[in-house]
Amino acid sequence: MRNNMEYFLSMDIIRVYAVFLIVLLHVSAPVLYAFSPIQNSMWWIGNAFDSFARAGVPLFFMISGLLVLGNYKRENINEFIRKRVKKVVIPLVAWSCIFFLWRIYFHNDVITINGIFRQFLEGSVYYHLWFLYPLISLYIAVPIVYPIFERNPGLIRYFTLFWFLFVSISALVRKMFGFSIFFGSELFTPFIGFFVIGYAMRKESKKLKKGVVIALGVLAYIVTVLGTFYLTRNLGEIDEFFYGYTSINVVVLSVCTFAIMRNAKWEFLSNKSKGFISKVKDLSFGVFLIHPIVIDVLFIKVLGRQIYETGVSPLISIPFATMVVFLVSAMLTLFLKKIPRIREII
């Protein structure tokens, strides 16, 4: 019983942390791009925070893989897809409408009817909603993938190895040498690897040596920071290759972060702290959906300037603004969840 409680607590903490990293990414990005190509310490600070936050999205996919694949039972496929996809499709449609209106009335964007349908289908309504599209696809794939791995657990390592080869290593080869490894590339979607890795980490994470995992995670972070610097300096403008979610360095950083937090002993937390984390976890999806609106209002309406124009070092302003955006988004989500119809989309 205690092991189950620790298991769910670690999942709650990872989920909250993943959302926090996503907010951090969107708060820090303007600093990085405002001072690109590399100009001064402001760029380095933006790069350091941006690199650190890149694990957020992969952590979300790994959590989904562990919880969805790990708890999937042989149930009616239509019922499974209906329940899972409904939880994502309805919020996607609703928040796409909200952000279309937000762009029209807050940002004064001009959007045609044709543009509305095209952007919705392309996943380009707003900069964060793209995440829900591959998540829906992965949910649909669960009834197909799960029976294969259940009957042949050894295939999980085989699958993740070839996903890493044809997605991550293939991208590095293309970047370095200018050609693509064509065979095998169409077998794997970019994010299914994280989904399956999350499922595998249910048991495999306990076998990993903590010291090695920490060292690899730190090394991957350093590669992200310095690799982005090197490519940006040579290109003369920001080069995001090492920021890619499926780049070798971000994959390693994300998996190491997941393993460390999954295996951490959280018994030092008080019952009140654990209860608080559980409540924040319930708000995490809403924070993810609503935080761009909070960022817009904070920097455009309240401050009337970007974060790098406040006169405060981004070393302080970025984490502070991230916490403000996260807390305000959480409070708005808590309020909206009390409204009967609204709670279904948040």
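Our structure's up above, just so we're on the same page.
This report concerns the structure included in the present document.

What counts as what
Residues numbered from 1 in each chain as written. Predicted model: local features only at pLDDT ≥ 70, side-chain atom pairs only at ≥ 80, totals over all residues. Heavy atoms only, no water. Helix = DSSP H or I, 4+ residues; strand = E, 2+ residues; numbered from the N terminus. Polar contact = N/O pair within 3.5 Å; in protein donor to acceptor, adjacent residues only side chain to side chain. 1 Å grid on protein atoms, 1.4 Å probe; cavity = no way out; pocket = protein on both sides within 12 Å on 5 of 7 lines; lining within 4 Å. Points joined across faces, edges and corners; volume = space filled by probe spheres on them. Nonpolar A, V, L, I, M, F, W, Y, C, P; charged D, E, K, R; others polar. Core = buried A, V, L, I, M, F, W, Y, C linked by side-chain atoms within 4.5 Å. Buried < 20%, exposed > 50% of the residue type's maximum accessible area, 1.4 Å probe, protein only. Contact = heavy atoms within 4.5 Å. Salt bridge = Lys/Arg side-chain N within 4 Å of Asp/Glu carboxyl O. Phe/Tyr/Trp six-rings, centres within 6.5 Å; stacked < 30°, edge-to-face > 60°. Patch = residues over 30% accessible without salt bridge, like charges linked within 9 Å, V, L, I, M, F, W, Y side chains within 5 Å. Areas by Shrake-Rupley, 256 points an atom, 1.4 Å probe, with all protein chains shown as cover.

This paragraph deals with the side chain of Asp239. Relative to the helices and strands, Asp239 is located in the loop between α9 (210-235) and α10 (248-263). A distance of 2.8 Å separates the side chain of Asp239 from the side chain of Lys175, its partner in a polar contact.

Rolled over the atoms, a probe sized like a water molecule indicates the empty space that remains. Each pocket or cavity is described by its volume, and for the largest pocket that value is around 780 Å³. Every residue lining the largest pocket is counted, 25 residues in all, and those nearest its centre are Thr160, Ile197, Ala200, Met201 and Glu204. Within the residue set of the lining of the largest pocket, elements represented by two or more residues are α6 (132-151), α7 (155-177), α8 (192-204), α9 and α10. When residues of the lining of the largest pocket are assigned to their parent elements, the largest contribution, seven residues, is made by α8. Its residues placed into classes, the lining of the largest pocket shows 18 nonpolar, one polar and six charged. Listed by contribution, the elements that provide at least two residues to the lining of the second largest pocket are α1 (2-34), α3 (56-71), α4 (77-105), α6 and α11 (271-302). Here the lining of the second largest pocket gets five residues from one element, more than from any other, and that element is α3. Considering only residue class, the lining of the second largest pocket consists of 15 nonpolar, two polar and nine charged.

One finds Trp95 and Phe258 to be the most contacted residues of the largest nonpolar core, which totals 106 residues. Looking at this core element by element, the count peaks at 15 residues for α1. Residues within four places of Phe258 in sequence aside, it is in contact with Met11, Ile14, Leu59, Met62, Ile63, Leu66 and Met201.

Once that is clear, we can look at the environment of Ile111. Along the polypeptide, Ile111 turns up in the loop between α4 and α5 (113-122). Between the C-alpha atom of Ile111 and that of Leu101, which follows or precedes it by 10 residues, the distance is 9.7 Å. With residues up to four places along the chain from it excluded, the contact list for Ile111 reads Phe100, Arg103, Ile104, Ile116 and Gln119.

Summed over all chains, the structure comprises five salt bridges. One salt bridge connects Glu122 with Arg118, and the closest N-O pair in it is separated by 3.3 Å. Remark: Arg118 and Glu122 occur in helix α5; sequence separation between them is four residues, near one turn of the helix. Judged by relative accessible area, which is 51%, Glu122 ranks as exposed. Overall, Arg118 belongs to the partly exposed group, its relative accessible area being 40%.

The tally for this structure, following the rule as stated, stands at 24 aromatic pairs. Taking 5.9 Å as the distance between ring centres and 25° as the angle between the ring planes, the aromatic pair formed by Trp130 and Tyr245 counts as stacked. Placement of Trp130 in the loop between α5 and α6 and of Tyr245 in the loop between α9 and α10 is noted, with a sequence separation of 115 residues between them. With a relative accessible area of 15%, Tyr245 lands in the buried category. One aromatic cluster in this structure is built from Phe60, Phe61, Trp130, Phe131, Phe191, Tyr245 and Phe288.

This part takes up a nonpolar patch on the surface. On the surface, a nonpolar cluster with roughly 470 Å² of combined accessible area is contributed by Trp44, Ile214, Val218, Ile222, Leu226 and Ile260. Of the residues forming the nonpolar patch, the biggest block, four residues, is contributed by α9. Turning to its location among the elements, Leu226 is positioned in helix α9.

The next thing to look at is the environment of Pro58. Residue position: Pro58 is located in helix α3. Here Pro58 falls in the buried class, since its relative accessible area comes to 0%. Along the chain, Pro58 and Phe117 lie 59 residues apart, while their C-alpha atoms are 28 Å from each other. Excluding its chain neighbours within four sequence positions, the residues that come into contact with Pro58 are Phe194, Tyr245, Val250 and Ser254.

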